[in-house]
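Descriptive analysis of the structure
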Amino acid sequence: MTERYAFSDLRELLAKANEEKSGDQLAGVAATSERERVAAKRALADRPLIDLLNHPVIPPENDEVTRLILEAHDASAFERIRYMSVGEFREYILDDQTRESDLKALKWGITPEMAAAVAKLMSNKDLVLAAGKIRNVTRCRNTMGERGVLGIRLQPNHPSDDVGGILLAAFDGLTYGCGDAVIGVNPATDSVETVTSILRALDRLMEVFAIPTQACCLAHITTQLACLERGAPIDLLFQSVAGTQAANGSFGINLALLREGRERVLEHHSARSGSWVGNNVMYFETGQGSALSADAHHGVDQLTLEARAYGVARALDPFLVNSVVGFIGPEYLYDERQIVRAGLEDHFMGKLLGLPMGCDVCYTNHAVADQNSADNLMLLLAAGGCNYFMGVPGADDVMLNYQSTSFHDALAVRKIFNLRPAPEFLEWLEHMGIYRDGEPMVLDSGRRQRLLLGLEGVLSMPAPPA
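Now for a quick tour of the structure. As the structure is a prediction and not an experimental result, all values here were calculated from the model. (Residues numbered from 1 in each chain as written. Predicted model: local features only at pLDDT ≥ 70, side-chain atom pairs only at ≥ 80, totals over all residues. Heavy atoms only, no water.)

**Structural notes on the packing of helix α19 (residues 371–383) against helix α20 (residues 407–417)**
Rule in force here: Simply put, an axis is a line fit to the C-alpha atoms, just over the touching stretch for a helix, and the angle between two N-to-C directions goes from 0 to 180 degrees. Secondary structure is summarised from DSSP: a helix means a run of H or I of at least four residues, a strand means a run of E of at least two, and numbering begins at the N terminus for each. In what follows, roughly perpendicular refers to angles from 65 to 115 degrees, roughly parallel to angles under 35, roughly antiparallel to angles over 145, and oblique to any angle outside these ranges. When the near helix sits turned anticlockwise from the far one by under a right angle, the crossing is termed left-handed; a clockwise turn instead gives a right-handed crossing. Residue contacts are counted whenever heavy atoms from the two residues lie within 4.5 Å of one another. Polar here means any residue outside two lists: the nonpolar Ala, Val, Leu, Ile, Met, Phe, Trp, Tyr, Cys and Pro, and the charged Asp, Glu, Lys and Arg; Gly therefore counts as polar.
Running from N to C, α19 and α20 cross one another at 40°; their axes reach a closest spacing of 11 Å. The angle between α19 and α20 falls in the class oblique. The handedness of the crossing between α19 and α20 comes out as right-handed. Judged by residue contacts, Gln371, Asp375, Met378, Leu379, Ala382 and Ala383 of α19 engage Asp409, Val413, Ile416 and Phe417 from α20. Of the residues in the contact of α19 with α20, the class split is seven nonpolar, one polar and two charged.

This is how it looks when you write it as structure tokens:
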């Protein structure tokens, strides 16, 4: 008996073609069977790319993210793929004759909906292969994203924002070669006083040890800008972003605020002493399901909305973008299979849209996942050229209460894939005796004691006046 499926519009087609996600099921937009999912994928493969440009999933009159996407679209870059279907675009991306330069030339001709659509037609292997073709290099105090490089965000969170505890955890991570992407702290308290104290402490650490990396305190953007007004040092300006105006509104942000923040930090850098090697000053985090959790999804599937979040991020020329893939919980990504799939999708879409993609390979304790799940995704992403992972003491974040990747994981992945830290950071590691000839050293007690004496100096330094 023949079964027929009809899809009322592009929004429904994209949703039904998505791989199984608990968030789409929660939103009531998911395919009801594997047969319907396959039918949607076949129909999507035949859909012309021009339809995705002409029919955004959220009308521009209702959403500033859609307007940004359409205003940023480069018609001349799109011309090369204008007459392709989504299926033909997939074949073009995966073709051995299609080079990195070919894909990067398309960056502004591809809309987020196009990136989402082609991701839905790819296997996990396809997503790794396609993402591995592209490296998006960024620069702030050092250079991230080059081939052969795997960065690590050193994440020394503390449940009470104790500066000594933060600095000790940061020091520990540095001795494992972590921290080249950023030394980034999630504050337990989003206050100007707390964030200023953390930023100044990290700046003292970097100054005393002459570390060529970036610091960041991941408070709300308005808190960070208030700290900047008080004279706190801002290397990277952080904010979580989403794929709809309403979802960003739930975060307390809009595009104008993001643009203003970026300009203020660039001005701050130009007036501040420091060895800047580039002007990428923004750090964004995203995650599938964020718009749904804010009841701001407009009936659009979470993968497509994640791609639209990347449309926001790329307009601000960031240094780092991080998909916090398993953090939002099993309501949106239920188990290992869904978390792994989402991480590979996010990484591929971000790379295709020109972003320096990293991933917090993580899960919450009520998800159907474990540390082997994290290992599986981490290795697949490393094979696909992921820019950076997290470095969390013991892989267990004691402030955010979730499981991520550890300093030891960083060492293991770099060894397996013959990857190194960022070049400027590697030179510093060699100078400090933490690495030799591009490889990590086992620190003897004498070397560790000398480094600890330097840390004691940082802890004893008086904080500058507010």
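Right, picking up where we left off after that structure.
**With respect to the sheet that holds strand β3 (residues 151–154)**
Rules: A pair of strands is treated as paired once DSSP finds two or more bridges between them.
Taken in spatial order, the four strands line up as β5-β4-β3-β10 in an open sheet, and their pairing is parallel. Each edge of the open sheet carries a strand with a single partner, namely β5 (215–217) and β10 (388–391). Recorded for the sheet is a direction-independent mean angle of 25° between the axes of neighbouring strands. Strand direction decides the pairing type here: strand β4 (residues 182–185) and β5, joined by three bridges, are parallel. For Ile183, the partnering residue across the bridge sits in β5 and is Ala215. Each of β3 and β10 touches α20; the most contacted strand, β3, lies at about 180° to it.

**A look at helix α15 (residues 255–271)**
What counts is decided by this rule: Each helix should span, by expectation, one fewer than its residue count multiplied by 1.5 Å. Only protein chains enter the accessibility calculation, which uses a 1.4 Å probe. A residue is then buried if its area is under 20% of the maximum for its type, exposed if over 50%, and partly exposed in between. By the criterion applied in these results, polar contacts are pairs of N or O atoms within 3.5 Å in which, for protein atoms, one can donate a hydrogen and the other can accept it, and in which residues neighboring in sequence qualify only through two side-chain atoms.
The end-to-end C-alpha distance of α15, which contains 17 residues, comes to 25 Å, matching closely the 24 Å that a straight helix rising 1.5 Å per residue would cover. For α15, the complete set of buried residues consists of Leu255, Leu257, Leu258, Gly261, Arg262, Val265, Leu266, His268 and His269. Buried positions along α15 lie against α5 (64–72), α13 (221–229), β6 (237–240), β7 (282–286) and α17 (302–314). Backbone nitrogen of Ala256 and a side-chain oxygen of the N-cap are separated by 3.2 Å at the start of α15; the cap is Asn254.

**Let's talk about the sheet that holds β6**
Spatial strand order, β6-β7-β8-β9: four strands in an open sheet with parallel pairing. In this open sheet, the two edge strands, each paired with only one partner strand, are β6 and β9 (357–359). Direction aside, neighbouring strands of the sheet carry axes that sit 25° apart on average. With four bridges connecting them, β7 and strand β8 (residues 320–323) associate as parallel partners. Among the inter-strand pairings, Phe284 is bridged to a residue of β8, identified as Val321.

**Looking at the packing of aromatic side chains**
The cut-off we apply is this: Pairing of aromatic side chains here covers Phe, Tyr and the six-membered ring of Trp, requires ring centres within 6.5 Å, and sorts the geometry by plane angle: under 30 degrees stacked, over 60 edge-to-face, intermediate tilted. For a Lys NZ or an Arg CZ to count as sitting over a ring, it must be within 6 Å of the ring centre and within 35 degrees of the ring normal.
Within the structure shown, the criterion is met by four aromatic pairs. Here the aromatic rings of Phe425 and Trp428 are separated by 5.5 Å at their centres, their planes lie at 35°, and the arrangement is tilted. With Phe425 and Trp428 both in helix α21 (residues 423–432) and three residues apart, the pair spans about one turn of that helix. The buried category is assigned to Trp428, whose relative accessible area is 7%. Above the plane of the ring of Trp276 lies Arg141, whose end atom (NZ or CZ) is 4.2 Å from the centre.

**Describing the packing of helix α18 (residues 336–352) against α19**
As a packed pair, α18 and α19 sit with axes 10 Å apart at the nearest point and diverge in direction by 20°. One finds that α18 runs roughly parallel with respect to α19. At the point where α18 passes α19, the crossing takes the right-handed sense. Here Glu336, Ile339, Val340, Gly343, Leu344 and His347 of α18 come into contact with α19, specifically with Ser373, Asn376, Leu377, Leu380 and Leu381.

**Comments concerning the pairing of β4**
Which entries qualify depends on this criterion: If the strands point away from the viewer and the path from the first strand over the helix to the second runs clockwise, then the crossover is right-handed.
Across the two faces of β4 the burial is the same, with Val182 and Gly184 and Ile183 and Val185 all buried. Two strands pair when backbone bridges link them, and β3 and β4 are joined in this way by two bridges, in the parallel orientation. Bridging across to β4, Arg153 finds its partner in Val182. Remark: the β4/helix α12 (residues 192–209)/β5 crossover connection has right-handed handedness.

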